[in-house]
Amino acid sequence: QVQLVESGGGLVQAGGSLRLSCAASGRTFSTYAMAWFRQAPGKEREFVAAISWSGGSKYYADSVQGRFTISRDNARSTVYLQTNSLKPEDTAVYYCAADSSLVAVRSKENVDYWGQGTQVTVSS
């Protein structure tokens, strides 16, 4: 069982940055692939970024490639999402996800564990 708690969201102007964090409980954090998803009002939850258990493989949605960076610290059982050059269309609730499979963690239908989400609002 893995419990995930996100933090770091907030209100920021367009062009600004935020660093989201996701703290995981459990002693097996280092064996899980981790991901970030987001959901804007009236829209479906969408994949943002994923990282393998070792951090050696990373994947990004086209919409955030070059602006967002996912990373992890297994000693702290935490995964991060550095968001730069934020746009109003990045406004959403951002969710942390965990799964034993790097393939499954990129699909919202297959994720094993979800956090409660953190709100990111980007003003124009």
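Below you will find a few notes about this structure. Numbering of residues begins from 1 in every chain and follows the order in which that chain's sequence is written. Since the coordinates come from a predicted model, pLDDT governs what is reported: local features require at least 70, and pairs of side-chain atoms require 80 or more to be given and counted, while whole-chain, interface and lining totals use all residues. Neither water nor hydrogens contribute to the side-chain values; these are computed over all heavy atoms in the structure.

1. A short note on the nonpolar core
Only buried Ala, Val, Leu, Ile, Met, Phe, Trp, Tyr and Cys residues count toward a nonpolar core, and they belong to the same one when joined by side-chain atoms within 4.5 Å. Summary of the burial criterion: residues with accessible area below 20% of their type's maximum are buried, those above 50% are exposed, and those between are partly exposed, where the area comes from a 1.4 Å probe applied to protein chains only. With 29 residues, the main nonpolar core has L4, M34, W36, L81 and Y94 as its most contacted residues. Of all elements in the fold, only β3 (18-24), β4 (33-39), β5 (46-51), β7 (68-73), β8 (78-83), β9 (92-99) and β11 (118-123) reach the threshold of two or more residues within this core. When checking whether two residues touch, look at their non-hydrogen atoms; a contact exists if any pair is within 4.5 Å. Among all residues touching Y94, those that are not within four sequence positions of it are E6, L20, W36, F37, R38, V48, F68, L81, G117, T118 and V120. Residues A33, F37, A50 and V111 belong to the second largest nonpolar core, which totals seven residues. Secondary structure elements follow DSSP: runs of H or I no shorter than four residues count as helices, runs of E no shorter than two count as strands, and numbering proceeds from the N terminus.

2. Concerning the state of the cysteines
We call a pair of cysteine sulfur atoms a disulfide whenever their separation is within 2.5 Å. Tallying each qualifying case throughout the model produces one disulfide. At a sulfur-sulfur separation of 2.1 Å, the disulfide partner of C22 is C96. The sign of the -80 degrees torsion about the S-S bond sets the C22-C96 disulfide as left-handed. Taken together, the residues C22 in strand β3 and C96 in strand β9 connect sequence positions 74 residues apart. Assessed through its relative accessible area of 0%, C22 is described here as buried. With a relative accessible area of 0%, C96 lands in the buried category.

3. Thoughts on the pairing of strand β1 (residues 4-7)
Here β1 shows one buried face, formed by L4 and E6, and one open face, formed by V5 and S7. The criterion for strand pairing is that DSSP finds at least two bridges linking the strands in question. As defined by bridge partners, β1 adjoins β3 across four bridges and the pair is classed as antiparallel. Opposite E6, over in β3, you have C22 as the bridge partner.

4. Here's the deal with the pattern of salt bridges
For salt bridges, the criterion is a side-chain nitrogen of Lys or Arg within 4 Å of an Asp or Glu carboxyl oxygen. In this structure the tally under the stated criterion is six salt bridges. In this structure, the salt-bridge partner of D90 is R67, at a minimum N-O distance of 2.8 Å. Of this pair, D90 sits in the loop between β8 and β9 while R67 sits in the loop between β6 (58-60) and β7, placing them 23 residues apart in sequence. With its nearest N and O atoms 2.9 Å apart, the salt bridge here joins R76 to D73. The exposed category is assigned to R76, whose relative accessible area is 59%. Through salt bridges with shared partners, a single network forms among R38, E46, R67 and D90.

Geometric values such as these leave the question of function open.
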